[in-house]
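Breakdown of the fold
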Amino acid sequence: MIAYFSMEVGVEARVPTYSGGLGILAGDTIRAAADMKVPMVAVTLLHRKGYFYQRLDPQGWQTEEPVAWVPDDFLMELPGRVTVQIEGRPVQIRAWVYEVTGAGGFLVLVYFLDTDLPENSEQDRRLTDYLYGGDARYRLCQEIVLGIGGVRMLRALGYRNIGRYHMNEGHASLLTLELLDEAAHNAGREGFNREDIEAVKRVCVFTTHTPVPAGHDQFPLELLDRVLGRHEVREMQDIFCADGIVNFTYLALNLSHYVNGVAKKHGEVAQEMYAHYVIDAITNGVHGATWASDKFAALFDRYIPGWRQDNFSLRSALSIPKDQIWRAHSAAKRDLINYVNREANAGMDCDVLTLGFARRVTAYKRPDLIFSDLERLREIDAIAGPMQIIFAGKAHPRDQDGKNLIHRIFEFAQNLRSEIPVAFLEHYDMDIARSMVAGVDVWLNTPQPPMEASGTSGMKAALNGVPSLSVLDGWWIEGCIEGVTGWGIGELVRDRNAPRENDATLLYDQLERTILPLYYQDRERYIEIMRHCIALNGSFFNTHRMIQQYVLKAYFE
Ligand SMILES: *Cc1c(COP(=O)(O)O)cnc(C)c1O
């Protein structure tokens, strides 16, 4: 049995316990495990107020509201309770369960931990309210509930034979402390020793997702000491700390026998960052049946029966007739354009080439790159063929640069409104993602390399026959076959400090010389590319392939 721990899990759009890529990946991983009958159980937090509901005012300024949702509508409450110590107080935890059913009927259970119980103090009841909300102390308390409380809850629920604990990012790494305590306790010892550390390492695996050393999970030793109340961690600084600061990425690295990055390039970047550890790579994927639009799912059902159980079989998309591909795409596009026109009064046209860009809005993702030279953009639109652009994405509440970027995109949209319709959809979530990745003609991605660990939305687009136009970073280094599955922006560069001021020019060149002429003048070849997206990338960049690699390299090795 594999125990999969993640601070966020996207089980479905109406359960807002995810913020973005990490949680969606967790959900897609669990759904693939259920399809492939991999014995797995997942643990996360309930997040009663969600991440946040995004509102955008007419100038594009973001404000955040709590997301109201009713756990009873989706989850089943369990009667058991476990306790963790926080700042010397016992905090009671309960669990809610969500069932994920695989394509063949196999079940994977997801446990959502919740401290909102009358036995707890008012402040402790709020600990499982906000995903990534609050200060360092709040975050640390949540990680105690997830890691330590999570292992205790699994024990209380009767899980004894867990062969692997998989930490999806470092937020859950306190689970290792609980396993160390169990090992010492089982050996009849007071505290754990080096032998226990080796034993825990044998059952733990860790997936890192950040390509920058300054990750989020760092705390002053004093805070850990006070909140966790475990003075012996001071003596264990070599496993908890980096440079005298508690760092849960290092805790996970030190207590795992297998560590991986989430794309080949990211594995290399992580290996450079953590030179004293061995870092492998397993490239992310997306869950086929979750991300294929209704139109494409129906098409696959007709031409590739069994694709839901076996995403690899999407390779035979090459034999789906082109007119069927185009018909499914046009229907998905019509749905999206109607939605955008209704929501944003965008005046978009189904016959116009539509670019899509949706992800967390933050500086390194450069969502404004396409607006670097408005005159050039207008010229391309006038000469090579008309364009329209759909954006979506949330900025983290404390990311002022990200919020400024959304506002800037609104200004660009205003500036271009008589030539190039630009819309920014409010409150990006799984439903909007699902309709955007299927309904646009080109999926755009312009991060600053090597910051994109993997990226998954382009994989969702590929599954729906939508090619990417993207900087060569993350998964796209593996997925891009120029002119066959989409297009690159710029050369692949190894030096992370290499200047990238040419990216906008290269992006414009691709639109003007290649993509727009192909779209408007050689539709047959455009559809050929769409088919290759499904056959070459949809069949590979999925969580069926990914979970098999985890099984071989991390779970049963
Ligand atoms: C897929 C998805 C993401 C992650 O997309 P990236 O390309 O990895 O940034 C974020 N949010 C939602 C709602 C998604 O569906």
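Thresholds applied
- Residues numbered from 1 in each chain as written.
- Predicted model: local features only at pLDDT ≥ 70, side-chain atom pairs only at ≥ 80, totals over all residues.
- Heavy atoms only, no water.
- Near = heavy atom within 4 Å.
- Polar contact = N/O pair within 3.5 Å; in protein donor to acceptor, adjacent residues only side chain to side chain.
- Areas by Shrake-Rupley, 256 points an atom, 1.4 Å probe, with all protein chains shown as cover.
- Helix = DSSP H or I, 4+ residues; strand = E, 2+ residues; numbered from the N terminus.
- Nonpolar A, V, L, I, M, F, W, Y, C, P; charged D, E, K, R; others polar.
- Domains from an automatic or database assignment.
- Buried < 20%, exposed > 50% of the residue type's maximum accessible area, 1.4 Å probe, protein only.
- Disulfide = S-S within 2.5 Å.
- Salt bridge = Lys/Arg side-chain N within 4 Å of Asp/Glu carboxyl O.
- Contact = heavy atoms within 4.5 Å.
- Pairing = 2+ DSSP bridges.
- Core = buried A, V, L, I, M, F, W, Y, C linked by side-chain atoms within 4.5 Å.
- Phe/Tyr/Trp six-rings, centres within 6.5 Å; stacked < 30°, edge-to-face > 60°.
- Lys NZ or Arg CZ within 6 Å of the ring centre and 35° of its normal.
- Axes fitted to C-alpha atoms, helices over the stretch in contact; angles between N-to-C directions.
- Parallel < 35°, antiparallel > 145°, perpendicular 65-115°, else oblique.

1. What to know about the site of the ligand
The local shell around the ligand holds 14 residues, among which Ala433, Gly455, Thr456, Ser457 and Lys460 are the closest. Here an oxygen atom of the ligand and a backbone polar atom of Thr456 are 2.9 Å apart. One of the side-chain N or O atoms of Ser457 is found 2.5 Å from an oxygen atom in the ligand. Relative to its unbound accessible area of 380 Å², the ligand is 93% covered by the protein chains. Mapped onto the shell around the ligand, the elements with two or more residues apiece are α1 (21–35), α15 (430–439) and α16 (457–463). Counted by class, the shell around the ligand contains five nonpolar, five polar and four charged residues. Looking at which domains feed residues into the shell around the ligand, each of domain 1 (2–285 + 546–555) and domain 2 (289–540) supplies at least three.

2. Some details on α15
α15 sits mainly inside the fold: seven of its ten residues count as buried. Along α15, the positions that sit buried rather than exposed are Met430, Ile432, Ala433, Met436, Val437, Ala438 and Gly439. A distance of 3.1 Å separates the backbone nitrogen of Asp431 from a side-chain oxygen at the start of α15, and that oxygen is part of Asp429.

3. Describing the state of the cysteines
Under the defined criterion, the tally for this structure stands at zero disulfides. Between Cys141, a free cysteine, and Cys241, which holds the nearest cysteine sulfur, the sulfur-to-sulfur gap is 18 Å.

4. Some words on the pattern of salt bridges
Tallying each qualifying case throughout the model produces 46 salt bridges. For Asp217, the salt bridge goes to Arg139, with nearest N and O atoms at 3.8 Å. Note that Asp217 is positioned in the loop between β10 (204–207) and β11 (218–219) and Arg139 in helix α3 (residues 136–156), a separation of 78 residues in sequence. Judged on exposure class, the residue Asp217 and its partner Arg139 are both buried. One connected set of salt bridges, linked through shared partners, spans Arg48, Lys49, Glu77, Arg94, Asp114, Asp116, Glu122, Arg125, Arg126 and Asp129.

5. Focus on the environment of Pro211
With respect to the helices and strands, the residue Pro211 is situated in the loop between β10 and β11. Pro211 sits 173 residues away from Val38 along the chain, and the two C-alpha atoms are 29 Å apart. Those residues in contact with Pro211 that sit more than four places away from it in its chain are His266, Val269, Met273, Pro450, Met451, Ala453 and Arg496.

6. What about the pairing of strand β7 (residues 89–101)?
Two faces make up the sheet, and in a regular strand the side chains alternate between them. Relative to β7, strand β5 (residues 76–77) is paired through two bridges, and the arrangement is antiparallel. The residue bridging Glu77 from the neighbouring strand is Trp96, located in β7. One ladder, built from five bridges, connects strand β6 (residues 82–86) with β7; its direction is antiparallel. Opposite Gln85, over in β7, you have Pro90 as the bridge partner. Counting the residues that bridge the hairpin from β6 to β7 gives two residues, and of these Glu87 lies at a positive phi of roughly 50°.

7. Comments concerning the side chain of Ser173
Here Ser173 shows up in the loop between β9 (164–168) and α4 (175–186). Here Ser173 falls in the buried class, since its relative accessible area comes to 0%. Discounting residues that sit within four places of it in the chain, Ser173 has contacts with Met167, Phe248, Leu251 and Ala252.

8. What to know about the side chain of Thr485
Along the chain, Thr485 falls in the loop between α17 (476–479) and β21 (486–489). A polar contact is formed between the side chain of Thr485 and the backbone nitrogen of Ile481, at a distance of 2.9 Å. Residue contacts for Thr485: discarding those within four places in its chain leaves Pro467, Ser468, Trp476, Gly479, Cys480, Ile529, His532, Cys533, Leu536 and Asn537.

9. Notes on the nonpolar core
In this structure, Ile370 and Phe371 are the most contacted members of the largest nonpolar core, which totals 92 residues. At eight residues, helix α18 (residues 503–521) tops the list of elements feeding residues into this core. Excluding its chain neighbours within four sequence positions, the residues that come into contact with Ile370 are Leu355, Leu377, Ile389, Phe391, Leu444, Leu507, Tyr508 and Leu511.

10. Things to note about the environment of Asn120
Relative to the assigned elements, Asn120 resides in the loop between β8 (107–114) and α2 (122–125). Within the local environment of Asn120, its side chain forms a polar contact with the backbone oxygen of Thr115, the two atoms lying 2.8 Å apart.

11. Looking at unusual backbone geometry
Cis geometry marks the peptide bond from Pro449 to Pro450; its omega dihedral reads 0°. In this structure, Pro450 sits in the loop between β19 (442–445) and α16. In this structure, Glu87 takes a positive phi of about 50° despite not being glycine. For Glu87, a relative accessible area of 23% puts it in the partly exposed group.

12. Some details on the packing of aromatic side chains
Within this structure, the stated rule accounts for 23 aromatic pairs. Ring plane angle 45° and centroid distance 6.3 Å describe the contact between Trp69 and Phe74, whose orientation is recorded as tilted. Given a relative accessible area of 10%, Trp69 falls into the buried group. Seen in terms of ring centroids, Phe540 and Phe541 are 5.0 Å apart; in terms of plane orientation they differ by 80°. Their pairing is edge-to-face. These aromatic residues form a ring-pair network of at least three members: Phe357, Phe371, Phe391, Phe410, Phe412 and Phe424. Directly above the ring of Phe52 sits Lys394, whose terminal nitrogen or CZ lies 5.0 Å from the centroid.

13. Description of the sheet that holds strand β12 (residues 241–242)
Pairing is antiparallel across the open sheet formed by three strands, whose spatial order is β11-β13-β12. Where the open sheet ends on each side, the last strands, each with one partner, are β11 and β12. Bridge count between β11 and strand β13 (residues 245–247): two bridges; the pairing is antiparallel. When the sheet's bridge partners are listed, Gln218 is paired in β13 with Asn247.

14. Digging into the packing of helix α12 (residues 322–344) against helix α19 (residues 523–538)
As a packed pair, α12 and α19 sit with axes 10 Å apart at the nearest point and diverge in direction by 80°. Comparing their axes, α19 and α12 come out roughly perpendicular. In contact with Lys322, Ile325, Trp326 and His329 of α12, α19 contributes Arg523, Glu524, Ile527, Glu528, Met530, Arg531 and Ile534. Split into classes, the residues belonging to the contact of α12 with α19 amount to five nonpolar, one polar and five charged.

These values are about where atoms sit, not about what they do.
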